[in-house]
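Coordinate inspection notes
For reference, the chains in residue letters:
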Amino acid sequence: MLKATEKIWHNGRLIAWDDAKIHVLSHVVSYGSSVFEGIRCYATPSGPAIFRLKEHVRRLVDSAKIYRMDTFKFSHEELAQAMLDVVQVNGLPSCYLRPIVLRGYGEVGVNGLKNPVDVYIACWEWGKYLGEEAMASGVDVCVASWTRIAPNTLPALSKAGANYMNSQLIKMEAMANGYSEGIALDTAGYVSEGSGENIFLVRDGKLLTPPLGASVLPGITRDTVVTIARDLGIPIVEGIIPRELLYIADEVFFSGTAAEVTPIRSIDRITVGKGSRGPITERIQKEFFAIVEGRKEDRHGWLSPVEVREPAAALK
Ligand code: PPE
């Protein structure tokens, strides 16, 4: 169950958690008109730091622009500052941030262009997405019978709330059948992504991931993994992946803000590699956590430190 924090940012003001409510006839409720982000703030030795803040802000604004929703008056810098403020005011050492842009209350009907566009940013504590144990031993997943959102229907480069109806079908089917997650194929039948994660395969020492044209979200963790792989000298190829390559890969793992780097140990009950976290997955995962937790130099400037306010008592 979600643990409430104190404040949520709404259109430039900090409001109480319980006051962040919308009317049932808000445009978003009937028509799914929202875009959002998921961002992690990590505890580092020098305090909390938001991971890849600039990139998440950019994707949020891009997502809104695709749906003609970028009519709010906040700049990238203001949105980034708002995220830092939300973390600071709620005083958590680490957390998950959820900025949401939505079409609000006003007109009814499909055309939402006249409805107000509201911006909210919340944060709360969120642990391991696919379970603590999964990070070392891997998860059991399936290929979904549902196809991922198709090009020219719901645009995959926009992280829109509506896309997650498709994600829910994938996820609920997987859970109902005893798996942790589902991998969706695109409309051409090639590997796309998980319900809430991008996917990577390893075969013969090479890392493979589907291209943006395979209806995947342009994942910021995906980009992080690609950058880390380059740094570690692991060859990386972006290209279409036939479903059966999943079964014969040496290693497979998910990447995502919530999922971080999670190994996959079986797909459709077929064991992947040796059936546990593979060596390349482990190297990438270790490097990822060393950077985000501030144990290794932030060589790419990925962390934005949150100014921790001095408690009032300390000022006396
Ligand atoms: N694909 C999808 C469909 C997706 O939802 C996510 C993130 C990713 C790929 C990875 O993107 P990135 O976080 O930028 O590396 N999913 C978010 C929401 C999960 C949820 O259950 O809510 C997340 O990980 O925050």
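Attention in this report is confined to the structure presented alongside it. A quick note: this is a predicted structure, and the numbers were derived from the prediction, not measured. Numbers given to residues run from 1 along each chain, matching the order in which its sequence is written. Only residues with pLDDT of 70 or above have their local features reported here, since the model is predicted, and side-chain atom pairs are shown and tallied only from 80 upward, although totals for entire chains, interfaces and linings are computed over all residues. Side-chain numbers here rest on the full set of heavy atoms in the structure, without hydrogens or water.

Examining a nonpolar patch on the surface
The patch calculation keeps residues exceeding 30% relative accessible area without a salt bridge and links them within 9 Å when they carry like charges or within 5 Å when they are nonpolar (Val, Leu, Ile, Met, Phe, Trp, Tyr). All accessible areas in this document rest on Shrake-Rupley with a 1.4 Å probe, and a residue is counted as covered only by the protein chains that are shown. Think of a salt bridge as a Lys or Arg side-chain nitrogen and an Asp or Glu carboxyl oxygen that are within 4 Å of each other. A cluster of nonpolar residues, I22, V24, L25, V29, Y31, Y105, V108 and V110, forms a patch on the protein surface that exposes about 810 Å² of accessible area. Comment: elements are numbered from the N terminus, with helices defined as DSSP H or I runs of at least four residues and strands as E runs of at least two. Structurally, the position occupied by V29 is in helix α1 (residues 27-31).

Examining the pairing of strand β4 (residues 39-44)
Accessibility here uses a 1.4 Å probe with only protein chains present; expressed as a share of the type maximum, an area under 20% marks a residue as buried, one over 50% as exposed, and anything in between as partly exposed. Extensive coverage of β4 is indicated by the burial of five of its six residues. Two strands pair if DSSP finds at least two bridges between them. The sheet contact formed by β4 and strand β6 (residues 95-103) spans three bridges and is antiparallel. Looking across to β6, one finds that R40 is bridged to Y96. In the sheet, β4 pairs with strand β5 (residues 47-51) via four bridges, with the strands oriented antiparallel.

Focus on the layout of surface pockets
A pocket here means an open set of points on a 1 Å grid, computed over the protein atoms alone, that has protein on both sides within 12 Å along at least five of seven lines. A cavity is instead a set of points where a 1.4 Å probe fits but cannot get out; residues with an atom within 4 Å of a point line either one. Grid points are joined across faces, edges and corners, and a volume is the space filled by probe spheres set on the points. Taken as a whole, the largest pocket encloses approximately 520 Å³ of empty space. In this structure, the largest pocket is lined by 32 residues; those nearest its centre are Y129, K159, Y164, S195 and G196. The set of elements that each furnish at least two residues to the lining of the largest pocket consists of β6, α5 (163-176), β10 (191-194), α6 (220-231) and β14 (251-256). Take the lining of the largest pocket: its biggest share by element is five residues, from α5. For the lining of the largest pocket, the residue count by class is 10 nonpolar, 14 polar and eight charged. Each of domain 1 (7-126 + 300-315) and domain 2 (134-277) gives at least three residues to the lining of the largest pocket. For the second largest pocket, the calculated volume is near 400 Å³. Forming the walls of the second largest pocket are 17 residues, and the residues nearest its centre are S34, F36, R98, I100 and L102. Secondary structure elements with two or more residues in the lining of the second largest pocket: β3 (34-36), β6 and β7 (117-124). When residues of the lining of the second largest pocket are assigned to their parent elements, the largest contribution, four residues, is made by β7. Side-chain classes are defined by residue name, with Ala, Val, Leu, Ile, Met, Phe, Trp, Tyr, Cys and Pro counting as nonpolar, Asp, Glu, Lys and Arg as charged, and the others, Gly among them, as polar. Grouping the amino acids of the lining of the second largest pocket by side-chain chemistry returns 14 nonpolar, two polar and one charged. Segment limits for the domains were obtained from an automatic or database-derived domain assignment.

Focus: the site of the ligand
Taken together, 22 residues form the shell around the ligand, and within it Y96, Y129, Y164, T221 and T257 come nearest. Polar contact is defined as a pair of N or O atoms within 3.5 Å, subject to the rule that within protein one atom must be able to donate a hydrogen and the other to accept it, and that residues adjacent in sequence are counted only when both atoms are side-chain atoms. Measuring from an oxygen atom of the ligand, one finds a side-chain N or O atom of R98 at 3.1 Å. Between an oxygen atom of the ligand and a side-chain N or O atom of T221, the distance comes to 2.5 Å. In isolation the ligand has 550 Å² of accessible area, and contact with the protein removes 93% of it. More than half of a molecule's atoms lying within 2 Å of a cavity's or pocket's grid points is what places that molecule inside it. Here the ligand is seated within the largest pocket. Being near a molecule or strand, for a residue, means having at least one of its heavy atoms within 4 Å of it.

Here we look at helix α2 (residues 53-66)
A helix's residues, less one, multiplied by 1.5 Å, set its expected span. Under the 1.5 Å per step criterion, the end-to-end length of α2 is 20 Å for 14 residues, consistent within 8% with the ideal 20 Å. Burial in α2 covers these residues: L53, H56, V57, R59, L60, V61, S63 and A64. Within two residues after α2, R68 carries a phi angle of roughly 55 degrees, on the positive side.

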